[in-house]
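Close look at the chain arrangement
Here's the letter readout for the chains.
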Amino acid sequence: MELALNNLPRTIAVELEGGVPSIVLVDQCRLPGELVYLRTSDWRELVDAVKTLAVRGAPAIGVAGAAAVMLAAFEYADGDGFDRLLEEAARAIAAARPTAVNLVWGVNKAREVVFEARQAGASPRETAEALYRLTEDLIAEDETVNRRIGSHGAALLRGLAASGTQVRPLNLLTHCNAGSLATAFYGTALGVVYASAQEGLVNRVYADETRPVNQGARLTVWELAQAGVPVTLQCDNMAASLMEKGQVDAVIVGADRIAANGDAANKIGTLGLAVLANFYGIPFYVAAPMSTIDCSTKSGADIPIEDRDRAEVLPDPIPGVEVRNPAFDVTPYRLITAIVTEEGVWEPAR
Ligand SMILES: CSC[C@H]1O[C@H](OP(=O)(O)O)[C@H](O)[C@@H]1O
C-alpha cells in the first residue's frame, strides 16, 4: 500500500526569529473542517491550547509541556527572579492536564536542562536557549520513537497476517486518535498502522468516533484518509457487532499513562473495547513510548483521571439531569495482549 504521509501536517514545531521563539501547532479543534495553525510565544497561551485540546495526545502534550517552559524562560530571561518565576510557570504547565504522564515528563525534561545549565553558570538567556534546543530535540526524537514503535508493531501484525505462505491483510479497530496528530509526527497506534500498511498488512481500519470529543470522527479518519489508509468511521456502540461478525482481527490503541504493572489509562471507552476483544478472543494491543510508562504509579488504581466539562457531553443542560465526563478509563494489564514500545513488545505478566 502506497501511503501519502507527506499529506500529514507536523503537529507541533518551534521557530526562533530575532531571538524570539514561537511554537507553531495544528489547531486540532478546527479539524477536520480547516487545517489552521496556532502560533504563540506566550507560555500561557500554550497551556490554554493543552487544556482546550487544540494540542492533545500524550506525546504531543509532552513536547508542548517542555516547549511552554522554554517560552517562559525567554519571557523571564531579562528580568529579576528568573529561577523562581520559571519554576512557578513549570508547576502551572504540569498541572494543565492530570492523566497523560508525558506532560510532567516534558516539564521535568525542561527542569533537568535548567538545573544543569544554572549549575554550570549559564545566564537566564543561555538557559532559555538550551531549552529551545531541548524542544527541537524532543520533536525530532518523538518522530524517531514513533517510527520504532511502528516497526515493532508491524512485526507483531506480520505474524497475525501470516496465513500459510500467504499474507491476509488485517482489519484493525482503533479508538480516539493515537496518530500523528497525537504526537510530533507519525503517531503511536497509527504509527503501527502506517508501518504495517506499507508492508501490505492492513486491509482497513475501523475508527470509533470516540464521544464526547470525537477525536476519532474528527481526527483519526481525517488523518488516515490523508495518508491513504482505507478507513471506516463507526459509532462507539458499533464495535461489538463488528467483532461478532468476525470483522476485527486486532484492536490497537494508544495510552496516556501505563502503570508499573501494565495497567493502561487511555481515552474513555478503551476499557469496553478491551473487554469485548477479550470476549471475542481478539488481540488487544497498546502502542506507547517508554515516556508513557510511569513506574512511580504502581497500578491503574493510582492513575488520576481527568474530569472534563459536562458541556462536552450535554451542551444544553436538562434540568434535574446529572452528567459525568471522565476523559479516560483504565484497562487492566490482564486484558492487554501486548504493549508495543520503541524498545520492543512487552507482554505484561499474567
Ligand atoms: C498517542 S497518545 C493519544 C491518546 O491521547 C488521547 O487523549 P486526548 O485526546 O484527550 O489527549 C487518547 O487517550 C489517545 O489514545
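Per an unreviewed UniProt entry, the protein goes by Methylthioribose-1-phosphate isomerase and derives from Adlercreutzia shanghongiae. UniProt lists a comment for the protein under the heading Catalytic activity (unreviewed entry), and it reads "5-(methylsulfanyl)-alpha-D-ribose 1-phosphate = 5-(methylsulfanyl)-D-ribulose 1-phosphate". For the record of the protein, the UniProt heading Pathway (unreviewed entry) holds the text "Amino-acid biosynthesis; L-methionine biosynthesis via salvage pathway; L-methionine from S-methyl-5-thio-alpha-D-ribose 1-phosphate: step 1/6."

Bringing the site of the ligand into the picture now. By nearness alone, 17 residues border the ligand, and R56, R97, D256, N266 and K267 come closest of all. Within the contact set of the ligand, an oxygen atom lies 2.9 Å away from a backbone nitrogen or oxygen of G57. Between the ligand and K267, the relevant distance is 2.7 Å, taken from an oxygen atom to a side-chain nitrogen or oxygen of the residue. Contributing elements (two or more residues each) for the shell around the ligand: α2 (58-76) and β11 (264-267). Here the residues of the shell around the ligand are counted per class, giving seven nonpolar, six polar and four charged. Here the shell around the ligand spans two domains, since at least three of its residues come from each of domain 1 (5-141) and domain 2 (150-346).

Here we take up the UniProt feature "binding site: substrate" (unreviewed entry) in the protein. The UniProt entry lists R56, G57, A58, R97, Q215, N266 and K267 under the feature "binding site: substrate" (unreviewed entry), expressed in the numbering used here. Tracing the backbone shows G57 in the loop between α1 (43-51) and α2. Judged by relative accessible area, which is 9%, G57 ranks as buried. Inspection of the secondary structure puts N266 in strand β11. You can call N266 buried: its relative accessible area is 6%.

This part covers the packing of aromatic side chains. Centre-to-centre distance and the angle between the planes together describe a pair of aromatic rings. Throughout the structure, instances matching the rule amount to two aromatic pairs. Arranged with centres 5.0 Å apart and planes meeting at 85°, the rings of F279 and Y280 form a pair that is edge-to-face. Judged by relative accessible area, F279 falls into the exposed class, the value being 66%. Positioned above the aromatic ring of F185 is the side chain of R10, whose terminal nitrogen or guanidinium carbon lies 4.6 Å from the ring centre.

Here the protein averages 97 in pLDDT, while 100% of its residues score no lower than 70. Scored as a whole, the predicted complex attains pTM 0.97, and scored at its interfaces, ipTM 0.98.

So, on to the UniProt feature "site: Transition state stabilizer" (unreviewed entry) in the protein. Summarizing the sequence annotation, UniProt attributes the feature "site: Transition state stabilizer" (unreviewed entry) to C176 in the numbering used throughout. One can find C176 in the loop between β6 (170-174) and α6 (189-197). Using a relative accessible area of 7% as the deciding quantity, one classes C176 as buried. Those residues in contact with C176, other than ones at most four positions away along the chain, are R56, D208, T210, Q215, G216, T220 and K267.

Let us now look at the sheet that holds strand β3 (residues 37-40). Spatial strand order, β1-β2-β3: three strands in an open sheet with antiparallel pairing. Among the strands making up the open sheet, the edge pair consists of β1 (12-17) and β3. Neighbour-to-neighbour, the strand axes of the sheet open up by a mean angle of 20°, direction not taken into account. As paired elements, strand β2 (residues 20-26) and β3 share four bridges and run antiparallel to each other. When the sheet's bridge partners are listed, I23 is paired in β3 with T40. Against the sheet, α2 contacts β1, β2 and β3, and its axis sits at roughly 155° relative to β2.

It is worth spelling out the domain arrangement of the protein at this point. The assigned domain composition of the protein is domain 1 (5-141) and domain 2 (150-346). Of note, the centres of domain 1 and domain 2, computed from C-alpha atoms alone, are 26 Å apart. Both sides together, the interface formed by domain 1 and domain 2 hides about 2,700 Å², and carbon and sulfur atoms give 59% of it. Considering only the side of domain 1, the residues that lose the most area to domain 2 are L5, L8 and T99, jointly responsible for 24% of the buried surface there. For the pair domain 1 and domain 2, the interface holds one salt bridge. Viewed at the interface, domain 2 and domain 1 are joined by 18 residue pairs in polar contact (both at pLDDT 80 or more).

A few words now on the nonpolar core. Note that soluble globular proteins tend to have their nonpolar side chains buried in a common cluster. Ranked by internal contacts, the top residues of the largest apolar core, which has 47 residues, are I23, W43, L46, V69, M70, I93 and L131. Taken together, the elements giving at least two residues each to this core come down to β1, β2, α1, α2, α3 (82-94), α4 (101-119) and α5 (124-161). With 15 residues, the top contributor of residues to this core is α2. With residues near it in sequence (within four places) discarded, W43 still touches A68, L71, A72, E75, Y76, A89, A92 and I93.

Let's shift gears to the packing of α6 against helix α7 (residues 215-227). It is the contact of α6 with α7, at a shortest axis distance of 12 Å, that shows an interaxial angle of 20°. Classified by the angle their axes make, α6 and α7 are roughly parallel. Taken as a pair, α6 and α7 cross one another with a handedness that is right-handed. Only T220, E223, L224 and A227 of α7 make contact with α6, whose side of the interface consists of L190, V193 and Y194.

The rules behind each value
- Residues numbered from 1 in each chain as written.
- Predicted model: local features only at pLDDT ≥ 70, side-chain atom pairs only at ≥ 80, totals over all residues.
- Heavy atoms only, no water.
- UniProt positions renumbered as here; feature names shortened; annotations may be inferred.
- Near = heavy atom within 4 Å.
- Polar contact = N/O pair within 3.5 Å; in protein donor to acceptor, adjacent residues only side chain to side chain.
- Helix = DSSP H or I, 4+ residues; strand = E, 2+ residues; numbered from the N terminus.
- Nonpolar A, V, L, I, M, F, W, Y, C, P; charged D, E, K, R; others polar.
- Domains from an automatic or database assignment.
- Buried < 20%, exposed > 50% of the residue type's maximum accessible area, 1.4 Å probe, protein only.
- Phe/Tyr/Trp six-rings, centres within 6.5 Å; stacked < 30°, edge-to-face > 60°.
- Lys NZ or Arg CZ within 6 Å of the ring centre and 35° of its normal.
- pLDDT = per-residue confidence, 0-100.
- Contact = heavy atoms within 4.5 Å.
- Pairing = 2+ DSSP bridges.
- Axes fitted to C-alpha atoms, helices over the stretch in contact; angles between N-to-C directions.
- Buried area = accessible area lost by both parts, 1.4 Å probe.
- Salt bridge = Lys/Arg side-chain N within 4 Å of Asp/Glu carboxyl O.
- Core = buried A, V, L, I, M, F, W, Y, C linked by side-chain atoms within 4.5 Å.
- Parallel < 35°, antiparallel > 145°, perpendicular 65-115°, else oblique.
- Left-handed = near helix turned anticlockwise from the far one by under 90°.

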